Amino acid sequence: MQAVIDYLKKNQSRAVAELCEYVRFPSVSAQPQHRGDLRSCGEWLVEHCRAIGLEARLCATKGNPIVVAKTPRAKSNGATRPHFMVYGHYDVQPAEPLDLWKSPPFEPRVANGVLFGRGTSDDKGQALAHLKAVEAYLKTGTPLPCDITFVIEGEEEVGSGSLAAFLLEHRAELDCDAVVISDTGMPSSKHPALTYALRGIASFEVTLHGPARDLHSGIFGGTVDNPAMALCQLLGKLRDKDGRVAIPGFYDGVQPLSAYERKQFARLPFKARDYQRLLGVPKLFGERGFTPHEQRSARPTFEINGLTSGYQGEGSKTIVPAWARAKITVRLVPDQDPAKVIKRIRQHLKKLCPPTVRLEITEGHGAEPYLVSPTSPQAQAALRALKSAFGCEPVLIREGGSIPIVNQFKKILHADSLLLGLALPDDNAHSPNEKFDLDCFAKGQLMGVYLWQELSGV
Ligand code: BES
Ligand code: ZN
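These numbers come from a predicted model, not from an experiment.

Conventions adopted
- Residues numbered from 1 in each chain as written.
- Chains lettered and ligands numbered in written order.
- Predicted model: local features only at pLDDT ≥ 70, side-chain atom pairs only at ≥ 80, totals over all residues.
- Heavy atoms only, no water.
- Salt bridge = Lys/Arg side-chain N within 4 Å of Asp/Glu carboxyl O.
- Helix = DSSP H or I, 4+ residues; strand = E, 2+ residues; numbered from the N terminus.
- 1 Å grid on protein atoms, 1.4 Å probe; cavity = no way out; pocket = protein on both sides within 12 Å on 5 of 7 lines; lining within 4 Å.
- Points joined across faces, edges and corners; volume = space filled by probe spheres on them.
- Nonpolar A, V, L, I, M, F, W, Y, C, P; charged D, E, K, R; others polar.
- Donors = N, O, S within 2.8 Å, 3.2 Å for Na, K, Ca; no water.
- Tetrahedral: all angles 85-135°; square planar, octahedral: opposite > 155°, others 65-115°.
- Buried < 20%, exposed > 50% of the residue type's maximum accessible area, 1.4 Å probe, protein only.
- Axes fitted to C-alpha atoms, helices over the stretch in contact; angles between N-to-C directions.
- Parallel < 35°, antiparallel > 145°, perpendicular 65-115°, else oblique.
- Left-handed = near helix turned anticlockwise from the far one by under 90°.
- Contact = heavy atoms within 4.5 Å.
- Pairing = 2+ DSSP bridges.
- Core = buried A, V, L, I, M, F, W, Y, C linked by side-chain atoms within 4.5 Å.

Draft legend 1. Spatial organisation of the pattern of salt bridges. Taken as a whole, this structure holds 29 salt bridges when the rule is applied. For R398, the salt bridge goes to E261, with nearest N and O atoms at 2.7 Å. Separated by 137 residues along the polypeptide, R398 in strand 16 (residues 395-399) and E261 in helix 8 (residues 259-267) bring together distant segments of the chain. Each of R14, E18, K132 and E135 takes part in a single network of salt bridges with overlapping partners.

The structure is reproduced here in C-alpha coordinates:
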(Lines give C-alpha, C1' and ligand atoms only; values in the text may rest on other atoms or scores of the structure.)
(Ligands and ions follow the chains in the order given, each with its own letter.)
Protein backbone atom coordinates (compact mmCIF):
# COMPACT_ATOMS: atom_id res chain seq x y z
CA MET A 1 0.00 0.00 0.00
CA GLN A 2 2.82 2.39 0.83
CA ALA A 3 4.17 1.99 -2.71
CA VAL A 4 0.78 3.01 -4.10
CA ILE A 5 0.62 6.08 -1.88
CA ASP A 6 4.22 7.05 -2.69
CA TYR A 7 3.47 6.69 -6.39
CA LEU A 8 0.58 9.12 -6.13
CA LYS A 9 2.71 11.66 -4.28
CA LYS A 10 5.54 11.40 -6.75
CA ASN A 11 3.25 11.75 -9.75
CA GLN A 12 1.02 14.56 -8.51
CA SER A 13 2.23 17.29 -10.87
CA ARG A 14 1.86 14.96 -13.85
CA ALA A 15 -1.68 14.15 -12.71
CA VAL A 16 -2.47 17.88 -12.67
CA ALA A 17 -0.96 18.31 -16.15
CA GLU A 18 -3.13 15.44 -17.39
CA LEU A 19 -6.22 16.99 -15.86
CA CYS A 20 -5.36 20.19 -17.75
CA GLU A 21 -5.14 18.24 -20.99
CA TYR A 22 -8.53 16.67 -20.26
CA VAL A 23 -10.13 20.04 -19.46
CA ARG A 24 -8.95 21.54 -22.77
CA PHE A 25 -11.67 19.67 -24.65
CA PRO A 26 -14.78 21.87 -24.82
CA SER A 27 -17.03 18.87 -24.30
CA VAL A 28 -20.29 20.81 -23.88
CA SER A 29 -23.09 18.30 -24.36
CA ALA A 30 -25.91 20.87 -24.51
CA GLN A 31 -24.48 22.56 -27.62
CA PRO A 32 -24.68 20.63 -30.92
CA GLN A 33 -21.61 22.37 -32.36
CA HIS A 34 -19.47 20.49 -29.80
CA ARG A 35 -20.43 16.98 -30.95
CA GLY A 36 -16.94 16.52 -32.42
CA ASP A 37 -15.25 17.82 -29.28
CA LEU A 38 -17.17 15.29 -27.19
CA ARG A 39 -15.94 12.53 -29.44
CA SER A 40 -12.33 13.74 -29.29
CA CYS A 41 -12.59 14.01 -25.52
CA GLY A 42 -13.90 10.43 -25.30
CA GLU A 43 -11.06 9.24 -27.54
CA TRP A 44 -8.50 11.03 -25.39
CA LEU A 45 -9.96 9.36 -22.32
CA VAL A 46 -9.78 5.90 -23.87
CA GLU A 47 -6.13 6.51 -24.80
CA HIS A 48 -5.44 7.72 -21.29
CA CYS A 49 -7.07 4.66 -19.75
CA ARG A 50 -4.97 2.40 -21.94
CA ALA A 51 -1.80 4.28 -21.01
CA ILE A 52 -2.40 3.63 -17.31
CA GLY A 53 -2.96 -0.06 -17.89
CA LEU A 54 -6.71 -0.44 -18.33
CA GLU A 55 -8.48 -2.29 -21.11
CA ALA A 56 -10.50 0.50 -22.65
CA ARG A 57 -12.91 1.06 -25.51
CA LEU A 58 -15.15 3.80 -26.84
CA CYS A 59 -18.74 2.62 -27.31
CA ALA A 60 -20.91 4.40 -29.85
CA THR A 61 -24.46 5.36 -28.84
CA LYS A 62 -27.22 7.37 -30.49
CA GLY A 63 -25.72 10.33 -28.69
CA ASN A 64 -22.20 10.80 -27.37
CA PRO A 65 -19.92 7.77 -26.97
CA ILE A 66 -19.40 6.02 -23.63
CA VAL A 67 -15.94 5.15 -22.34
CA VAL A 68 -15.67 1.69 -20.77
CA ALA A 69 -12.34 0.78 -19.12
CA LYS A 70 -11.56 -2.26 -17.03
CA THR A 71 -8.77 -3.39 -14.79
CA PRO A 72 -7.07 -6.45 -16.29
CA ARG A 73 -8.94 -9.41 -14.83
CA ALA A 74 -6.82 -11.58 -12.56
CA LYS A 75 -6.57 -15.23 -13.62
CA SER A 76 -9.56 -16.91 -12.08
CA ASN A 77 -8.81 -19.62 -9.54
CA GLY A 78 -12.49 -20.34 -9.26
CA ALA A 79 -13.14 -17.77 -6.56
CA THR A 80 -15.15 -14.73 -7.58
CA ARG A 81 -13.85 -11.35 -6.60
CA PRO A 82 -15.99 -8.33 -5.93
CA HIS A 83 -16.66 -6.14 -8.94
CA PHE A 84 -17.22 -2.40 -8.64
CA MET A 85 -18.11 0.22 -11.18
CA VAL A 86 -16.80 3.76 -11.14
CA TYR A 87 -19.16 6.12 -12.93
CA GLY A 88 -18.35 9.63 -14.12
CA HIS A 89 -19.01 12.00 -16.99
CA TYR A 90 -16.72 13.75 -19.45
CA ASP A 91 -19.32 16.21 -20.71
CA VAL A 92 -19.58 19.66 -19.16
CA GLN A 93 -22.08 22.49 -18.89
CA PRO A 94 -22.00 25.44 -21.30
CA ALA A 95 -19.34 27.97 -20.30
CA GLU A 96 -21.48 31.06 -21.04
CA PRO A 97 -21.45 33.91 -20.04
CA LEU A 98 -17.87 33.95 -21.31
CA ASP A 99 -17.06 37.55 -20.37
CA LEU A 100 -17.34 36.67 -16.68
CA TRP A 101 -14.44 34.20 -16.82
CA LYS A 102 -11.13 35.57 -15.51
CA SER A 103 -9.33 33.23 -17.92
CA PRO A 104 -10.80 31.28 -20.86
CA PRO A 105 -12.90 28.28 -19.66
CA PHE A 106 -11.07 25.72 -21.77
CA GLU A 107 -7.57 27.01 -21.10
CA PRO A 108 -6.97 25.56 -17.62
CA ARG A 109 -4.93 27.69 -15.26
CA VAL A 110 -3.44 26.86 -11.84
CA ALA A 111 -3.39 29.58 -9.19
CA ASN A 112 -2.96 29.21 -5.41
CA GLY A 113 -3.48 25.48 -5.36
CA VAL A 114 -6.64 25.47 -7.45
CA LEU A 115 -7.24 24.68 -11.09
CA PHE A 116 -9.65 26.90 -13.02
CA GLY A 117 -11.59 25.72 -16.06
CA ARG A 118 -15.02 24.41 -17.11
CA GLY A 119 -15.37 20.81 -15.95
CA THR A 120 -12.40 20.85 -13.57
CA SER A 121 -14.69 19.98 -10.65
CA ASP A 122 -17.83 18.77 -12.47
CA ASP A 123 -16.75 16.14 -13.29
CA LYS A 124 -13.40 15.75 -15.02
CA GLY A 125 -11.19 16.25 -11.96
CA GLN A 126 -13.32 14.06 -9.70
CA ALA A 127 -13.45 11.18 -12.16
CA LEU A 128 -9.75 11.47 -12.99
CA ALA A 129 -8.91 11.12 -9.28
CA HIS A 130 -10.30 7.56 -9.41
CA LEU A 131 -8.32 6.76 -12.54
CA LYS A 132 -5.14 8.00 -10.84
CA ALA A 133 -5.79 5.78 -7.81
CA VAL A 134 -6.16 2.69 -9.98
CA GLU A 135 -3.15 3.73 -12.07
CA ALA A 136 -1.10 3.76 -8.87
CA TYR A 137 -2.08 0.13 -8.16
CA LEU A 138 -1.39 -0.97 -11.70
CA LYS A 139 1.91 0.87 -12.17
CA THR A 140 3.37 -0.31 -8.87
CA GLY A 141 2.27 -3.88 -9.49
CA THR A 142 0.19 -3.83 -6.31
CA PRO A 143 -2.62 -6.38 -6.58
CA LEU A 144 -6.13 -4.94 -6.46
CA PRO A 145 -8.56 -6.77 -4.19
CA CYS A 146 -11.39 -6.43 -6.71
CA ASP A 147 -12.25 -5.94 -10.36
CA ILE A 148 -13.12 -2.40 -11.41
CA THR A 149 -14.95 -1.12 -14.48
CA PHE A 150 -15.01 2.57 -15.31
CA VAL A 151 -18.04 3.86 -17.19
CA ILE A 152 -17.58 7.49 -18.15
CA GLU A 153 -20.31 8.99 -20.28
CA GLY A 154 -20.79 12.14 -22.32
CA GLU A 155 -24.45 13.03 -21.69
CA GLU A 156 -24.85 13.44 -17.94
CA GLU A 157 -25.40 17.18 -18.15
CA VAL A 158 -28.28 16.66 -20.58
CA GLY A 159 -30.03 13.84 -18.73
CA SER A 160 -28.00 10.69 -19.62
CA GLY A 161 -30.31 9.83 -22.52
CA SER A 162 -28.19 6.98 -23.95
CA LEU A 163 -26.83 5.32 -20.84
CA ALA A 164 -29.86 3.36 -19.60
CA ALA A 165 -30.13 1.44 -22.89
CA PHE A 166 -26.38 0.81 -22.75
CA LEU A 167 -26.66 -0.62 -19.22
CA LEU A 168 -29.44 -2.93 -20.33
CA GLU A 169 -27.51 -4.14 -23.33
CA HIS A 170 -24.30 -4.72 -21.36
CA ARG A 171 -25.76 -5.73 -18.03
CA ALA A 172 -23.88 -9.01 -17.85
CA GLU A 173 -20.56 -7.23 -18.24
CA LEU A 174 -21.52 -4.35 -15.95
CA ASP A 175 -23.18 -6.39 -13.21
CA CYS A 176 -21.47 -5.17 -10.03
CA ASP A 177 -21.56 -5.01 -6.25
CA ALA A 178 -21.79 -1.23 -6.07
CA VAL A 179 -21.22 1.90 -8.14
CA VAL A 180 -18.75 4.48 -6.89
CA ILE A 181 -19.38 8.06 -8.00
CA SER A 182 -17.43 11.21 -7.29
CA ASP A 183 -19.65 13.88 -8.82
CA THR A 184 -21.09 15.57 -5.74
CA GLY A 185 -19.74 17.86 -3.05
CA MET A 186 -18.65 18.13 0.56
CA PRO A 187 -19.47 20.95 3.00
CA SER A 188 -15.78 21.89 3.49
CA SER A 189 -12.36 20.31 3.11
CA LYS A 190 -12.62 19.34 6.79
CA HIS A 191 -15.96 17.65 6.18
CA PRO A 192 -15.53 14.89 3.61
CA ALA A 193 -18.97 13.53 2.84
CA LEU A 194 -20.97 10.52 1.83
CA THR A 195 -24.10 11.68 0.02
CA TYR A 196 -27.05 9.38 0.64
CA ALA A 197 -29.74 11.29 -1.28
CA LEU A 198 -29.97 13.31 -4.49
CA ARG A 199 -32.85 15.31 -5.82
CA GLY A 200 -34.59 14.28 -8.99
CA ILE A 201 -35.39 16.65 -11.80
CA ALA A 202 -37.92 17.35 -14.53
CA SER A 203 -37.29 19.92 -17.24
CA PHE A 204 -39.58 21.67 -19.67
CA GLU A 205 -40.03 24.84 -21.68
CA VAL A 206 -43.10 27.06 -21.60
CA THR A 207 -43.76 29.27 -24.61
CA LEU A 208 -46.55 31.81 -24.93
CA HIS A 209 -47.32 32.74 -28.51
CA GLY A 210 -48.89 36.13 -29.17
CA PRO A 211 -49.06 37.97 -32.52
CA ALA A 212 -47.90 36.22 -35.69
CA ARG A 213 -44.83 38.50 -35.80
CA ASP A 214 -43.18 41.19 -33.66
CA LEU A 215 -45.44 44.26 -33.89
CA HIS A 216 -44.81 48.01 -33.65
CA SER A 217 -45.66 48.65 -30.01
CA GLY A 218 -46.89 52.18 -30.75
CA ILE A 219 -49.22 51.25 -33.59
CA PHE A 220 -50.59 48.02 -32.11
CA GLY A 221 -49.64 48.01 -28.42
CA GLY A 222 -52.73 48.17 -26.23
CA THR A 223 -54.90 46.03 -28.51
CA VAL A 224 -53.09 42.69 -28.13
CA ASP A 225 -51.66 40.91 -25.12
CA ASN A 226 -47.90 41.10 -24.64
CA PRO A 227 -46.59 37.50 -24.36
CA ALA A 228 -43.65 38.58 -22.17
CA MET A 229 -46.02 40.25 -19.72
CA ALA A 230 -48.43 37.33 -19.84
CA LEU A 231 -45.56 34.92 -19.12
CA CYS A 232 -44.34 37.00 -16.18
CA GLN A 233 -47.83 37.06 -14.72
CA LEU A 234 -48.27 33.35 -15.27
CA LEU A 235 -44.96 32.45 -13.65
CA GLY A 236 -45.57 34.90 -10.84
CA LYS A 237 -48.58 32.88 -9.76
CA LEU A 238 -46.50 29.74 -9.24
CA ARG A 239 -44.94 30.72 -5.93
CA ASP A 240 -46.74 31.78 -2.77
CA LYS A 241 -45.64 34.18 -0.06
CA ASP A 242 -44.08 31.37 1.99
CA GLY A 243 -41.81 30.36 -0.87
CA ARG A 244 -43.87 27.26 -1.61
CA VAL A 245 -44.61 26.11 -5.13
CA ALA A 246 -48.24 27.07 -5.80
CA ILE A 247 -49.18 24.20 -8.09
CA PRO A 248 -51.90 21.84 -6.83
CA GLY A 249 -50.46 18.37 -6.24
CA PHE A 250 -46.83 19.49 -6.58
CA TYR A 251 -45.94 18.24 -3.10
CA ASP A 252 -47.75 14.90 -3.49
CA GLY A 253 -45.55 12.09 -2.20
CA VAL A 254 -42.93 14.30 -0.55
CA GLN A 255 -41.55 12.40 2.43
CA PRO A 256 -41.39 14.55 5.54
CA LEU A 257 -37.96 14.89 7.10
CA SER A 258 -37.53 12.81 10.23
CA ALA A 259 -36.53 14.47 13.47
CA TYR A 260 -33.29 12.46 13.34
CA GLU A 261 -32.39 13.76 9.91
CA ARG A 262 -33.16 17.33 10.83
CA LYS A 263 -30.87 16.97 13.83
CA GLN A 264 -28.08 15.69 11.57
CA PHE A 265 -28.61 18.59 9.17
CA ALA A 266 -28.31 21.01 12.04
CA ARG A 267 -24.85 19.61 12.88
CA LEU A 268 -23.42 20.46 9.46
CA PRO A 269 -21.20 23.53 9.30
CA PHE A 270 -23.19 26.55 8.14
CA LYS A 271 -22.87 30.29 8.55
CA ALA A 272 -25.72 32.17 6.92
CA ARG A 273 -23.59 35.29 6.46
CA ASP A 274 -20.76 33.42 4.65
CA TYR A 275 -23.24 31.48 2.55
CA GLN A 276 -25.01 34.67 1.54
CA ARG A 277 -21.71 36.32 0.65
CA LEU A 278 -20.58 33.29 -1.37
CA LEU A 279 -23.73 33.46 -3.46
CA GLY A 280 -23.72 37.25 -3.73
CA VAL A 281 -27.36 37.78 -2.79
CA PRO A 282 -28.67 40.72 -0.73
CA LYS A 283 -30.75 38.30 1.40
CA LEU A 284 -31.38 34.56 1.41
CA PHE A 285 -34.77 33.28 0.30
CA GLY A 286 -36.40 29.88 0.67
CA GLU A 287 -39.41 27.88 1.69
CA ARG A 288 -40.54 28.98 5.11
CA GLY A 289 -40.08 26.48 7.93
CA PHE A 290 -36.89 24.88 6.60
CA THR A 291 -33.19 25.63 7.03
CA PRO A 292 -31.02 26.39 3.97
CA HIS A 293 -29.49 22.88 4.13
CA GLU A 294 -32.97 21.39 4.10
CA GLN A 295 -34.22 23.76 1.40
CA ARG A 296 -31.37 22.96 -0.99
CA SER A 297 -31.35 19.21 -0.64
CA ALA A 298 -34.48 17.77 0.94
CA ARG A 299 -37.24 20.03 -0.40
CA PRO A 300 -38.55 20.27 -3.95
CA THR A 301 -38.15 23.52 -5.87
CA PHE A 302 -39.29 25.23 -9.05
CA GLU A 303 -36.62 27.22 -10.91
CA ILE A 304 -36.71 29.39 -13.99
CA ASN A 305 -33.37 28.65 -15.70
CA GLY A 306 -33.78 31.04 -18.62
CA LEU A 307 -36.27 33.62 -19.79
CA THR A 308 -36.36 34.94 -23.35
CA SER A 309 -38.57 37.29 -25.28
CA GLY A 310 -38.39 40.24 -27.63
CA TYR A 311 -35.37 42.31 -28.46
CA GLN A 312 -32.14 41.54 -26.54
CA GLY A 313 -29.63 43.59 -28.53
CA GLU A 314 -28.17 47.00 -27.76
CA GLY A 315 -30.36 50.06 -27.53
CA SER A 316 -34.11 49.87 -27.73
CA LYS A 317 -36.60 48.42 -30.17
CA THR A 318 -40.25 49.26 -29.70
CA ILE A 319 -42.11 46.04 -30.31
CA VAL A 320 -44.74 43.76 -28.88
CA PRO A 321 -42.85 40.44 -29.11
CA ALA A 322 -44.43 37.56 -30.97
CA TRP A 323 -43.57 35.10 -28.22
CA ALA A 324 -42.00 34.62 -24.77
CA ARG A 325 -40.32 31.50 -23.43
CA ALA A 326 -39.13 30.21 -20.07
CA LYS A 327 -36.77 27.26 -19.56
CA ILE A 328 -37.75 25.61 -16.31
CA THR A 329 -36.59 22.75 -14.11
CA VAL A 330 -38.19 21.43 -10.97
CA ARG A 331 -36.07 19.56 -8.42
CA LEU A 332 -37.81 16.62 -6.81
CA VAL A 333 -37.35 14.66 -3.61
CA PRO A 334 -38.38 11.15 -2.55
CA ASP A 335 -41.13 10.01 -3.35
CA GLN A 336 -42.22 12.52 -5.98
CA ASP A 337 -42.75 11.10 -9.44
CA PRO A 338 -41.36 13.29 -12.28
CA ALA A 339 -44.07 12.23 -14.77
CA LYS A 340 -46.89 12.99 -12.33
CA VAL A 341 -45.37 16.34 -11.37
CA ILE A 342 -45.10 17.38 -15.03
CA LYS A 343 -48.73 16.37 -15.57
CA ARG A 344 -49.83 18.55 -12.65
CA ILE A 345 -47.82 21.48 -13.98
CA ARG A 346 -49.35 21.11 -17.46
CA GLN A 347 -52.87 21.06 -16.03
CA HIS A 348 -52.23 24.08 -13.89
CA LEU A 349 -50.60 26.17 -16.62
CA LYS A 350 -53.45 25.37 -18.99
CA LYS A 351 -55.89 26.56 -16.38
CA LEU A 352 -53.97 29.79 -15.72
CA CYS A 353 -53.17 30.70 -19.33
CA PRO A 354 -55.32 33.61 -20.60
CA PRO A 355 -57.13 33.23 -23.95
CA THR A 356 -55.10 36.12 -25.43
CA VAL A 357 -51.99 33.96 -25.94
CA ARG A 358 -51.39 30.35 -27.00
CA LEU A 359 -49.61 28.05 -24.56
CA GLU A 360 -47.02 25.52 -25.71
CA ILE A 361 -45.17 23.18 -23.34
CA THR A 362 -42.26 20.98 -24.44
CA GLU A 363 -40.80 18.42 -22.10
CA GLY A 364 -37.10 17.75 -21.66
CA HIS A 365 -35.16 15.28 -19.54
CA GLY A 366 -36.22 13.91 -16.20
CA ALA A 367 -34.78 11.86 -13.35
CA GLU A 368 -36.20 10.35 -10.21
CA PRO A 369 -34.91 11.37 -6.79
CA TYR A 370 -32.47 8.98 -5.12
CA LEU A 371 -32.17 7.78 -1.55
CA VAL A 372 -29.91 5.02 -0.23
CA SER A 373 -29.14 3.64 3.20
CA PRO A 374 -26.20 5.45 4.83
CA THR A 375 -25.76 2.59 7.30
CA SER A 376 -25.11 -0.31 4.93
CA PRO A 377 -21.77 -2.12 5.28
CA GLN A 378 -20.66 -0.62 1.95
CA ALA A 379 -21.51 2.89 3.12
CA GLN A 380 -19.55 2.25 6.33
CA ALA A 381 -16.59 1.04 4.28
CA ALA A 382 -16.74 4.18 2.15
CA LEU A 383 -16.82 6.34 5.28
CA ARG A 384 -13.65 4.62 6.54
CA ALA A 385 -11.91 5.34 3.23
CA LEU A 386 -12.94 9.00 3.43
CA LYS A 387 -11.63 9.23 6.97
CA SER A 388 -8.27 7.68 6.09
CA ALA A 389 -7.79 9.96 3.09
CA PHE A 390 -8.95 13.26 4.59
CA GLY A 391 -7.78 12.66 8.14
CA CYS A 392 -11.06 13.80 9.68
CA GLU A 393 -14.49 12.48 10.48
CA PRO A 394 -16.77 12.32 7.42
CA VAL A 395 -20.37 13.56 7.44
CA LEU A 396 -23.53 12.15 5.89
CA ILE A 397 -25.38 14.57 3.64
CA ARG A 398 -28.18 14.91 1.15
CA GLU A 399 -27.43 16.90 -1.98
CA GLY A 400 -29.68 19.05 -4.11
CA GLY A 401 -28.19 18.28 -7.53
CA SER A 402 -29.16 15.32 -9.68
CA ILE A 403 -27.30 12.44 -11.29
CA PRO A 404 -29.97 11.05 -13.57
CA ILE A 405 -28.56 7.53 -13.97
CA VAL A 406 -28.27 6.46 -10.32
CA ASN A 407 -31.80 5.05 -10.20
CA GLN A 408 -31.08 2.99 -13.31
CA PHE A 409 -27.99 1.51 -11.64
CA LYS A 410 -30.35 0.29 -8.96
CA LYS A 411 -33.10 -0.91 -11.32
CA ILE A 412 -30.96 -2.48 -14.03
CA LEU A 413 -27.82 -3.57 -12.18
CA HIS A 414 -29.35 -3.85 -8.67
CA ALA A 415 -26.39 -1.84 -7.41
CA ASP A 416 -26.38 0.99 -4.88
CA SER A 417 -24.39 4.11 -5.65
CA LEU A 418 -21.80 5.36 -3.20
CA LEU A 419 -21.62 9.10 -3.73
CA LEU A 420 -18.24 10.35 -2.56
CA GLY A 421 -18.02 13.93 -3.74
CA LEU A 422 -14.81 15.94 -3.93
CA ALA A 423 -16.26 19.32 -4.89
CA LEU A 424 -16.28 22.29 -2.51
CA PRO A 425 -19.25 24.67 -2.20
CA ASP A 426 -17.25 27.49 -3.83
CA ASP A 427 -16.13 25.43 -6.86
CA ASN A 428 -18.53 27.37 -9.11
CA ALA A 429 -19.98 24.29 -10.77
CA HIS A 430 -22.16 25.39 -13.73
CA SER A 431 -21.01 29.00 -13.09
CA PRO A 432 -18.22 31.15 -14.53
CA ASN A 433 -14.74 30.48 -13.10
CA GLU A 434 -15.35 26.86 -12.15
CA LYS A 435 -12.38 25.51 -10.21
CA PHE A 436 -11.16 22.36 -8.50
CA ASP A 437 -9.05 22.37 -5.39
CA LEU A 438 -5.85 20.45 -6.09
CA ASP A 439 -5.73 19.27 -2.50
CA CYS A 440 -9.18 17.71 -2.99
CA PHE A 441 -7.82 16.16 -6.18
CA ALA A 442 -4.90 14.59 -4.29
CA LYS A 443 -7.04 13.46 -1.35
CA GLY A 444 -9.61 12.07 -3.76
CA GLN A 445 -6.92 9.89 -5.31
CA LEU A 446 -5.92 8.69 -1.87
CA MET A 447 -9.55 7.97 -1.05
CA GLY A 448 -9.70 5.86 -4.21
CA VAL A 449 -6.74 3.83 -2.98
CA TYR A 450 -8.27 3.07 0.44
CA LEU A 451 -11.73 2.54 -0.97
CA TRP A 452 -10.93 -0.66 -2.88
CA GLN A 453 -9.40 -2.21 0.23
CA GLU A 454 -12.30 -1.21 2.46
CA LEU A 455 -15.05 -2.12 0.00
CA SER A 456 -13.56 -5.47 -0.90
CA GLY A 457 -13.39 -6.43 2.74
CA VAL A 458 -17.14 -6.21 3.41
N1 BES B 1 -22.32 16.91 -10.51
C2 BES B 1 -23.64 17.32 -10.78
C3 BES B 1 -24.65 16.82 -9.79
C4 BES B 1 -24.47 17.26 -8.38
C5 BES B 1 -23.77 18.39 -8.03
C6 BES B 1 -25.04 16.51 -7.40
C7 BES B 1 -23.63 18.75 -6.72
C8 BES B 1 -24.91 16.88 -6.09
C9 BES B 1 -24.19 18.00 -5.75
C10 BES B 1 -24.06 16.86 -12.16
O11 BES B 1 -23.04 16.94 -13.11
C12 BES B 1 -25.16 17.75 -12.62
O13 BES B 1 -24.97 18.93 -12.68
N14 BES B 1 -26.28 17.18 -12.97
C15 BES B 1 -27.35 17.91 -13.56
C16 BES B 1 -28.28 16.90 -14.14
C17 BES B 1 -29.35 17.46 -15.00
C18 BES B 1 -28.84 18.33 -16.10
C19 BES B 1 -30.19 16.36 -15.56
C20 BES B 1 -28.02 18.79 -12.52
O21 BES B 1 -28.16 18.41 -11.36
O22 BES B 1 -28.41 19.90 -12.89
ZN1 ZN C 1 -23.02 19.25 -13.53
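Draft legend 2. Up close: unusual backbone geometry. The linkage connecting E96 with the following residue, P97, adopts the cis geometry, with an omega of -5°. In this structure, P97 sits in the loop between strand 3 (83-89) and strand 4 (109-111). A cis amide bond, omega 5°, links D122 with the succeeding residue D123. Note that D123 resides in helix 4 (residues 120-139). We note that N112 has phi near 50°; this positive angle belongs to a residue other than glycine.

Draft legend 3. Representation of empty space enclosed by the protein within the structure. This model, assessed by the stated rule, comprises two cavities of 30 Å³ or more. Size it by volume and the largest cavity reaches roughly 50 Å³. Taken together, L194, T195, Y196, V372, S373, S376, A379, D416, S417 and L418 make up the full set of residues lining the largest cavity. Elements that contribute at least two residues to the lining of the largest cavity include exactly strand 8 (193-198) and strand 17 (417-419). Of all the elements, strand 8 adds the most residues to the lining of the largest cavity, at three residues. Considered class by class, the residues forming the lining of the largest cavity number five nonpolar, four polar and one charged. In this model, the second largest cavity occupies a volume close to 40 Å³. Lining the second largest cavity are Y7, L8, N11, Q12, R14, A15, K132, E135 and Q445.

Draft legend 4. Summary view of the coordination of the zinc ion (ligand 2). Listed as protein donors to the zinc ion (ligand 2) are D122 (OD), E157 (OE), E157 (OE) and H430 (NE2); their distances from the metal cover 2.0 to 2.7 Å. Here the zinc ion (ligand 2) is ringed by six donor atoms whose angles at the metal span 52 to 157°, and the overall shape comes out irregular. Take H430: its relative accessible area is 39%, and that puts it in the partly exposed class.

Draft legend 5. Highlighting the packing of helix 1 (residues 2-10) against helix 14 (residues 438-456). With their axes 11 Å apart at the nearest point, helix 1 and helix 14 run at an angle of 165° to one another. The angle between helix 1 and helix 14 places the two elements in the roughly antiparallel class. Seen along the crossing, helix 1 lies across helix 14 with a hand that is right-handed. Two secondary-structure elements touch here, helix 1 through V4, I5 and L8 and helix 14 through Q445, L446, V449 and Y450. Residue composition of the contact of helix 1 with helix 14, by class: six nonpolar, one polar and no charged.

Draft legend 6. Expanded view of the pairing of strand 3. Of all seven residues making up strand 3, seven are buried, and the element is well covered by its neighbours. By the alternation rule, side chains of strand 3 split into H83, M85, Y87 and H89 and F84, V86 and G88, which are all buried. Where strand 3 meets strand 6 (residues 147-153), seven bridges bridge the pair, whose relative direction is parallel. When the sheet's bridge partners are listed, V86 is paired in strand 6 with F150. Both strand 3 and strand 7 (residues 178-181) contribute to a ladder of four bridges, which runs parallel. Residue pairing in the sheet places M85 in a bridge with V179 of strand 7.

Draft legend 7. Highlighting the sheet that holds strand 9 (residues 200-209). Read from one edge of the open sheet, four strands run 11-13-9-14, paired in antiparallel fashion. Among the strands making up the open sheet, the edge pair consists of strand 11 (301-309) and strand 14 (358-367). Between one strand and the next, the sheet's axes are offset by a mean angle of 15°, whatever the strand orientation. On the sheet, helix 7 (residues 227-236) packs against strand 9, strand 11 and strand 13 (323-332) and is oriented at approximately 20° with respect to strand 13.

Draft legend 8. Quick look at the nonpolar core. With 72 residues, the main nonpolar core has Y22, L131, F150, F441 and W452 as its most contacted residues. When residues of this core are assigned to their parent elements, the largest contribution, nine residues, is made by helix 14. Apart from the residues within four sequence positions on either side, Y22 is in contact with C41, W44, L45, H89, Y90, K124, L128 and I152. Grouped together as the second largest cluster of nonpolar side chains are 28 residues, V206, F250, V254 and I361 included.

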